[in-house]
Amino acid sequence: MDRFSTERLIAERLNEGHLTDLVALHLDPDVSRYLGGVRSADVTKVYVATNMTHWDRHGFGLWALRTKDGAFAGRAGIRHIPVDGVDEIEIAYTFKRNHWGQGLASEIATALTDIGLSQLQLPSVIGLVSVEHVASRRVLEKAGYALEKHTAHHGEDVVIYRIRR
Ligand SMILES: CC(C)(COP(=O)(O)OP(=O)(O)OC[C@H]1O[C@@H](n2cnc3c(N)ncnc32)[C@H](O)[C@@H]1OP(=O)(O)O)[C@@H](O)C(=O)NCCC(=O)NCCS
């Protein structure tokens, strides 16, 4: 689980060595538009520590993504998230701007869903997306997720999509 590949991506379990790439990723306003806005280097440092702890506690979490030539491409993962007071497990994916529009999010979403449902044997996995984030909603729909409900998350209108085993 620490490492896996898809057709075009290599996923490596999150570690401190990914901090510099993630700081740059989170400082891009286009990338961070639907992720709560740009994050300072300090905030991303805490983010990396928190997500490494998630791995230690649960045995799964975030991976850094590289293209097959070794270039950092983004991050993706499976994590616990409280939604309306319920402990859910979501898939998440974020790519550097220059990698958008090539089907990479769809590729990693399918792989994450397979890990969640088949390897981890989770009964279901969700996607949580800002209502107006058309591209990410499409990623979930293409990966077989069904729209479940609208709700508020950190004061933002979001939609919850779900796929069951
Ligand atoms: C959202 C994001 C992950 C999509 O990644 P991507 O690799 O470009 O997505 P894909 O190429 O797999 O495209 C998925 C679908 O969305 C569509 N799409 C992409 N951008 C779109 C846009 N701006 N408006 C409408 N549809 C869009 C694609 O056409 C494709 O659908 P199709 O196959 O039916 O044509 C990427 O833009 C990103 O990293 N954004 C910043 C981080 C983020 O918001 N992450 C998601 C948080 S919920």
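Residues numbered from 1 in each chain as written. Predicted model: local features only at pLDDT ≥ 70, side-chain atom pairs only at ≥ 80, totals over all residues.

If you check an unreviewed UniProt entry, the chain appears there as Acetyltransferase from Bradyrhizobium manausense.

Novice: I'd love a proper account of the site of the ligand, names of residues and values included.
Specialist: Among the 21 residues in the neighbourhood of the ligand, the closest are listed as Trp100, Ala105, Ser106, Ala135 and Arg138. The set of elements that each furnish at least two residues to the shell around the ligand consists of β5 (86-95), α4 (104-119) and α5 (134-142). Per-element accounting of the shell around the ligand gives the leading share, six residues, to α5. When the residues that make up the shell around the ligand are grouped by side-chain class, the tally is twelve nonpolar, seven polar and two charged. (Near = placed C-beta within 6 Å. Helix = DSSP H or I, 4+ residues; strand = E, 2+ residues; numbered from the N terminus. Nonpolar A, V, L, I, M, F, W, Y, C, P; charged D, E, K, R; others polar.)

Novice: Could you give an account of unusual backbone geometry, naming the residues involved and the relevant values?
Specialist: Residues other than glycine seldom take positive phi values, yet Asp84 does so here, at roughly 50°. By the element assignment, Asp84 lies in the loop between β4 (72-83) and β5. Using a count of 10 C-beta atoms within 10 Å as the deciding quantity, one classes Asp84 as exposed. Despite not being glycine, Gln121 shows a phi value in the positive range, around 55°. Tracing the backbone through its elements, the reader meets Gln121 in the loop between α4 and β6 (124-130). C-beta crowding within 10 Å serves as the criterion here: with 8 such atoms nearby, Gln121 is assigned to the exposed category. (Buried ≥ 20, exposed ≤ 12 C-beta atoms within 10 Å, placed from the backbone.)

Novice: Now, about the packing of α4 against α5: what can you tell me, with residues and values included?
Specialist: Here α4 crosses α5 at 45°, and the two axes come no closer than 9 Å. In terms of orientation, α4 lies oblique with respect to α5. Relative to α5, the crossing made by α4 is right-handed. Seen from α4, the contacting residues are Ala105, Ser106 and Ala109; seen from α5, they are Val139, Leu140 and Lys142. Residues of the contact of α4 with α5, tallied by class, amount to four nonpolar, one polar and one charged. (Axes fitted to C-alpha atoms, helices over the stretch in contact; angles between N-to-C directions. Parallel < 35°, antiparallel > 145°, perpendicular 65-115°, else oblique. Left-handed = near helix turned anticlockwise from the far one by under 90°. Contact = placed C-beta atoms within 7 Å.)

Novice: Please give an account of the environment of Leu35 that cites residues and values.
Specialist: Looking at the element boundaries, Leu35 is found in the loop between α2 (29-32) and α3 (41-58). C-alpha of Leu35 to C-alpha of Ser130: the two residues are 95 residues apart in sequence and 8.7 Å apart in space.

Novice: Describe the packing of helix α1 (residues 19-26) against α3, naming the residues involved and giving the relevant values.
Specialist: Contact geometry of α1 with α3 gives a least axis separation of 9 Å together with a crossing angle of 125°. Between α1 and α3, the angle is such that the two are oblique. Crossing handedness for the pair α1 and α3: right-handed. Each of Leu19, Leu22, Val23 and His26 in α1 lies in contact with α3, whose residues at this interface are Ala41, Thr44, Lys45 and Val48.

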